[in-house]
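# Descriptive structure summary
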Amino acid sequence: MNIYLLIAKRFLFPRNDFRSNTINFISFIGLFIGAASIVLSISVLNGFQGILQNEAKKLYGDYLIEDLQNFNYKDTFQDSNIDKMRLSVFQEDEFLIIAQNKQNIIEFKSVSNESLNSFYDLNLQNNFQNLSTEEIIIGKSLANRLNLDIGDRIQIISKDFKLNSLSLPDIYQFKVSNIFSNRILRSDDFLVFGINKEIFRNNNISIEVNGAISDKRNQSLTFLSWKDRNRQLFEATEIEKKITFFTLLLIILIASFNLCSSIMQISSHKIRDLAIFSSLGMKKNNIKKIFIIYSYLIGLTALCGGILFALLVILFQNKFSFIKLSPEFYLVETLPMQIHISDVFWLLMGSILLIGIFTNIPLRFINNLSPMKIINKQL
Amino acid sequence: MIIDIKQLRKTFIDGNKKLHVLKDINLQIEEGSIVTIKGPSGSGKSTLLSIIGTLDNADSGEFSINGKKIEDELNIDKLRNKNIGFVFQFHNLIAELTIEENVCLPKMIAKEKIDKNQINELFEYFDLKDRMKSFPNDLSGGEKQRVAVMRAIINNPSIIIADEPTGNLDKENVLKMISLFQKLNTEKKLTIIIATHDENVFDIGHKKYQLVDGTLEIN
């Protein structure tokens, strides 16, 4: 066994030294709790972010290619290297909806019946039936606000009140064919699906894409991902994750302080042994190495233990759903937990850095270690 | 000449006072000899041994081991590990390591392969074969000091420096240590430098010195 590892291990578990063992145990527990808290908190944030993303994808697909004019998408997509792709070609604009003397601004999304049936996942109130050009599907919140139900009739007017040849605004009559519900991004407040394309004044079409987009995708098209389309929301969740990470990293910081004091204590307690090592020809850097190994033995064991514990909690939660939530408030029935390798990687890197810094601080005295003075003092 | 010291001086500063511990020390030690040094407490014996053992530096003077000037030596730790073995008054064994690990420390520091047969022979030679896996606190004072001697010679150094090696031993163990040093000197041709208060130990020196008022006088 490596001599430095051997000595570090023996110093770590000194015989009959309750004080050292207690300090080491406290450092261990601090790092263990810190690592477990970070993994658990980040996993919950990841879980909610994942739900947000999945629900958004049901209405908006994986990618958007927007505002294409005179675009032959069929030829373009046949030529491009897009894998296992499903498309929804649509037009979209803002309108005013009027129903039962109430009005609301809506986003009218005109798609095909095929897309409504297979591309989007609308969580419809009734089974899906193909729409006619005079039928629409509205969101549940909008229906509640306008007191609408399936079969009711509404009017839709161009939002900017562009006038026809009779100087009257174009008014279109529609029948509510179905009601969808999706509370993510408050989409069922304003989104209305239909297949009518005559109500749009311009011919701009957009395409939503579901599937894996390879790196060799058509360079002439700009694909906007879910993250690009909801940048503010996504960034808010990312910032939340980062703040949580750094806040909880403070636990690791405090535990590192404790580790620092543990190193100070053990190194001053073992000063005679260090002088002996030096007299036997051990370099000062190698003496430091003993304590660095000592510190990382506690640190890495606690970190790995904490991470492992948190991973087990995540595994059990995903398998047995033992933490329940109220779906009315949280959209889901169980606490979502999801952890990425990158999160664990950054946790380990951050912690290793902190432990390294706080181990080196108390070891600076070893540079001035004088074995002769220490050994002779006891004579 | 294994050790050659010329005009060696060492001064300590205690507040405003300058303490001249070693004044123009000249010392030549032949390979394979036993040199004993005695002197009152605080006379500078330990300081002189620390300088010879490369644990401390002199303020001025020349000092060479095996013809190599110490001031020109770049890797002083390696030189110490390979050429010098220490025996202190207090055994200075590492309490957390077994006796075997304590003895093998210099070899492990040098990253040398440990020859199990050599270790077994050494433990037999020192009559400690059955204590290999024990810890220092389980041993008697005499046994601990024998372990310290084993640790000092494990790397086959050319010089053994012993600072009051019997200072903490009873009479019986003092005699054992004396015969052990003589045996090591005769059989392994080791150069041994001993600082001592004990007249019996002092008498084993081929050359005997007295350190008085910072100067070395032949006895």
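Everything here concerns the structure above.
Now for a quick tour of the structure. All chains use their own residue numbering, which begins from 1 and follows the written sequence. Chains carry letters and ligands carry numbers; both start at the beginning, A for chains and 1 for ligands, and go up in the order they are written. Under the rules for a predicted model, residues below a pLDDT of 70 receive no local features and side-chain atom pairs below 80 are neither given nor counted, while totals for whole chains, interfaces and linings still include all residues.

Turning our eyes to something else, we now look at the overall build of chain B. The helix and strand labels rest on DSSP assignments: H or I over at least four residues marks a helix, E over at least two residues marks a strand, and numbering proceeds from the N terminus. For chain B, the helix and strand inventory stands at seven helices and ten strands. A globule of 219 residues ought to have a C-alpha radius of gyration of about 17 Å, and chain B, at 17 Å, matches this closely. Taken over 219 residues, chain B has a buried fraction of 45%. Contacts are defined on C-beta atoms placed from the backbone: any two residues whose C-beta positions lie within 7 Å are in contact. In chain B, of all internal contacts separated by at least 6 residues, the share reaching a separation of at least 24 is 73%. The atom set for the radius of gyration is the C-alpha atoms, and the globule formula is 2.2 Å times the number of residues raised to the power 0.38. Remark: C-beta atoms are placed from the backbone, and a residue is labelled buried if 20 or more other C-beta atoms sit within 10 Å of its own, exposed if 12 or fewer do, or partly exposed between those counts.

Tallying secondary structure elements over chain A gives twelve helices and nine strands in all. Taken over C-alpha atoms, the radius of gyration comes to 32 Å for chain A, far larger than the 21 Å a tight globule of 379 residues would show. Structurally, chain A occupies a C-alpha span of about 115 × 45 × 35 Å along its principal axes. By residue count, 34% of the 379 residues in chain A fall in the buried class. Within chain A, counting contacts between residues at least 6 apart in sequence, those at least 24 apart form 83% of the total.

What follows concerns the interface of chain A and chain B. With 19 residues of chain A in contact, the opposing surface of chain B contributes 22 residues. All residues other than Ala, Val, Leu, Ile, Met, Phe, Trp, Tyr, Cys, Pro, Asp, Glu, Lys and Arg, Gly among them, are scored as polar; the first ten of these are nonpolar and the last four charged. Partitioned by chemical class, the residues of the side of chain A that touches chain B number ten nonpolar, four polar and five charged.

Residues and elements named next belong to chain A. Comment: axis = line fitted to C-alpha atoms, over the contacting stretch for helices; angle = value between 0 and 180 degrees taken between N-to-C directions. Two elements in contact, helix 9 (residues 284–320) and helix 11 (residues 341–360), have axes whose closest approach is 10 Å; the angle formed by their N-to-C orientations is 150 degrees. Here helix 9 lies roughly antiparallel to helix 11, going by the angle between them. Classified by chirality, the crossing of helix 11 by helix 9 is right-handed. Between helix 9 and helix 11, the contacting residues are F291, I292, S295, Y296, G299, L303 and I307 on the first element and V344, L348, S351, I355 and T359 on the second. Of the residues that constitute the contact of helix 9 with helix 11, the class distribution is eight nonpolar, four polar and no charged. An angle below 35 degrees is treated as roughly parallel, one above 145 as roughly antiparallel, one from 65 to 115 as roughly perpendicular, and anything else as oblique. For any helix crossing, the convention is left-handed if the near helix is rotated counterclockwise from the far helix by under a right angle, and right-handed if that rotation is clockwise.

We now examine the sheet that holds strand 1 (residues 3–14) of chain B. Residues and elements named next belong to chain B. At least two DSSP bridges between two strands are required for those strands to pair. With antiparallel pairing, four strands are arranged side by side in an open sheet as 2-1-4-5. Unpaired on one side and paired on the other, strand 2 (17–29) and strand 5 (68–69) mark the two borders of the sheet. Here two bridges tie strand 4 (residues 60–65) to strand 5, and the two strands are oriented antiparallel to one another. Within strand 5, the residue paired with I65 across the bridge is K68.

Right, let's talk about the sheet that holds strand 6 (residues 84–87) of chain B for a bit. Residue and element names in this part refer to chain B. Taken in spatial order, the six strands of this open sheet run 6-7-8-3-9-10, and their pairing is mixed. Unpaired on one side and paired on the other, strand 6 and strand 10 (215–218) mark the two borders of the sheet. Neighbour to neighbour, the strand axes of the sheet diverge by 20 degrees on average, direction disregarded. Across four bridges, the pairing between strand 9 (residues 207–212) and strand 10 is antiparallel. Across the sheet, the residue bridging to L211 is L216, located in strand 10. Here helix 1 (residues 45–52) sits on the sheet in contact with strand 3 (34–38), strand 7 (159–163), strand 8 (191–195) and strand 9, set at roughly 155 degrees to strand 8.

Right, let's get into the pairing of strand 3 (residues 102–110) of chain A. Residue and element names in this part refer to chain A. In this sheet, strand 3 lies alongside strand 2 (residues 86–99) in antiparallel orientation, the contact comprising nine bridges. By the bridge assignment, A99 is partnered in strand 3 with K102. Once strand 2 ends, the chain turns through two residues before running back antiparallel as strand 3, passing Q100 with a positive phi of about 50 degrees. Bridge count for strand 3 against strand 7 (residues 191–194) is four bridges, and the pairing is parallel. Directly across from K109, in strand 7, lies its bridge partner F193.

The analysis is restricted to geometry; functional conclusions fall outside its scope.
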